[in-house]
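# Structure assessment
Chain by chain, the residues:
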Amino acid sequence: MSDLLHIEVSPQGDNSISRAISKEFMAAFNEKNPGAVIVSRDLANDPIPHLDGETILASRTPEANRSETMQAKHEFRLRLVNEVIEAKHILISTPMWNFSVPSVLKAWIDQMIVSGVTKVTGKVTIIISQGGSYAEGAPRAGWDWETGYLRQVFTSIGATDVEIILSEFGLAGIVPALADFIDRKHASISAAKETAKARAAA
Ligand SMILES: Cc1cc2nc3c(=O)[nH]c(=O)nc-3n(C[C@H](O)[C@H](O)[C@H](O)COP(=O)(O)O)c2cc1C
């Protein structure tokens, strides 16, 4: 069992908003749970392979008939599945890219969901940083295919306690068209950090 499975996605290091928010979560989590067993995967710096034909075929091939590479790919996938099954709490920290999840996160999702096998019993916390806003009334309201998608992914494998912590306007101060939203950006990041701390300490 692990107390926390921590998945990071942004490649932006110290410039990453999602990482800055998850850092607050982690500080509060470690304070609340000293000595916690934490499994970390940094999908930006240590990406996992996309699900390929050999890996899919492995589950339908008796072990004795699997090649060495097929067996290794199968075992790696089962390791990802077990990390999810065994986690009391899963933390995902990710940007929005092109209205959805970065492909490294999608690769992890496709590997870790094995229908009928992968089951979440603990909490799931998802930190998302967006460049703009897709809230009701925004010009692109309804274009967010990430928050609903991630909630559905975890609900589909049994999660009943899923919290999404969203920060908006990450590109304000970078993209001139969003110059008027810099205050909203800072307020949104601060609020997300407070929510993340509270969730971690709950
Ligand atoms: C390749 C790429 C695609 C992006 N696509 C979107 C998008 O569709 N919608 C949006 O609001 N922001 C988009 N952004 C902006 C990021 O979501 C925003 O900068 C966010 O803060 C990134 O998270 P990070 O700071 O943790 O890396 C995109 C950024 C990149 C680099």
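Preceding this section is the structure that the text describes.
Residues numbered from 1 in each chain as written. Predicted model: local features only at pLDDT ≥ 70, side-chain atom pairs only at ≥ 80, totals over all residues. Heavy atoms only, no water.

## Some points on the site of the ligand
Every one of the 16 residues lining the ligand counts as a neighbour, but S10, S16, S18, S129 and Y134 are closest to it. Here an oxygen atom of the ligand sits 2.7 Å away from a polar atom, N or O, in the side chain of S129. Note that an oxygen atom of the ligand is positioned 2.9 Å from one of the backbone N or O atoms of G131. The fraction of the free accessible surface of the ligand (630 Å²) that becomes covered by protein chains is 80%. In this structure the site holding the ligand corresponds to the largest pocket. Its residues assigned to classes, the shell around the ligand shows seven nonpolar, nine polar and no charged. (Near = heavy atom within 4 Å. Polar contact = N/O pair within 3.5 Å; in protein donor to acceptor, adjacent residues only side chain to side chain. Areas by Shrake-Rupley, 256 points an atom, 1.4 Å probe, with all protein chains shown as cover. 1 Å grid on protein atoms, 1.4 Å probe; cavity = no way out; pocket = protein on both sides within 12 Å on 5 of 7 lines; lining within 4 Å. Sits in = over half its atoms within 2 Å of the grid points. Nonpolar A, V, L, I, M, F, W, Y, C, P; charged D, E, K, R; others polar.)

## Notes on the pairing of strand 2 (residues 38-42)
Strand direction decides the pairing type here: strand 1 (residues 4-8) and strand 2, joined by five bridges, are parallel. Looking at the pairing, L5 lines up with V39 of strand 2. One crossover worth recording links strand 1 to the parallel strand 2 by way of helix 1 (residues 17-32), and it is right-handed. (Pairing = 2+ DSSP bridges. Helix = DSSP H or I, 4+ residues; strand = E, 2+ residues; numbered from the N terminus. Right-handed = clockwise from strand over helix to strand, strands pointing away.)

## Comments concerning unusual backbone geometry
Phi angles above zero are rare outside glycine, and F99 is one such case at about 70°. When its relative accessible area of 26% is taken as the criterion, F99 is described as partly exposed. (Buried < 20%, exposed > 50% of the residue type's maximum accessible area, 1.4 Å probe, protein only.)

## Description of the sheet that holds strand 4 (residues 123-129)
Strand order in the open sheet formed by five strands is 2-1-3-4-5, and the pairing between neighbours is parallel. With partners counted over all chains shown, the strands left at the sheet margins are strand 2 and strand 5 (161-167), one partner each. Each strand axis lies, on average, 10° off the axis of its neighbour in the sheet, ignoring direction. Here strand 1 pairs with strand 3 (residues 89-95) via four bridges, running parallel. Bridging across to strand 3, H6 finds its partner in L91. Relative to the sheet, helix 6 (residues 182-201) contacts strand 3, strand 4 and strand 5, its axis offset from that of strand 5 by approximately 155°. (Axes fitted to C-alpha atoms, helices over the stretch in contact; angles between N-to-C directions. Contact = heavy atoms within 4.5 Å.)

## Re the layout of surface pockets
Here the largest pocket defines a volume of roughly 710 Å³. Around the largest pocket, the lining comprises 31 residues; the ones closest to its centre are Q130, G131, G132, G170 and L171. Counting only elements with at least two residues in the lining of the largest pocket, the list comes to helix 1 and helix 6. The class makeup of the residues in the lining of the largest pocket is 15 nonpolar, twelve polar and four charged. (Points joined across faces, edges and corners; volume = space filled by probe spheres on them.)

## A short note on the nonpolar core
I90, L105, W108 and F154 are the most contacted members of the largest nonpolar core, which has 26 residues in total. Among the secondary structure elements, those contributing two or more residues to this core are strand 1, helix 3 (68-85), strand 3, helix 4 (103-112), strand 4 and helix 5 (147-156). M26, L91, I165 and I189 belong to the second-largest nonpolar core, a separate cluster that totals 14 residues. (Core = buried A, V, L, I, M, F, W, Y, C linked by side-chain atoms within 4.5 Å.)

## Thoughts on the packing of helix 4 against helix 5
Following both chains from N to C, one finds helix 4 and helix 5 inclined at 20°, their axes separated by 12 Å at the closest point. On the basis of their axis angle, the class for helix 4 and helix 5 is roughly parallel. The hand of the helix 4/helix 5 crossing is left-handed. Residues L105, K106, W108, I109 and M112 of helix 4 form the contact with helix 5, whose own contacting residues are Y149, L150, V153 and F154. For the contact of helix 4 with helix 5, the per-class residue count stands at eight nonpolar, no polar and one charged. (Parallel < 35°, antiparallel > 145°, perpendicular 65-115°, else oblique. Left-handed = near helix turned anticlockwise from the far one by under 90°.)

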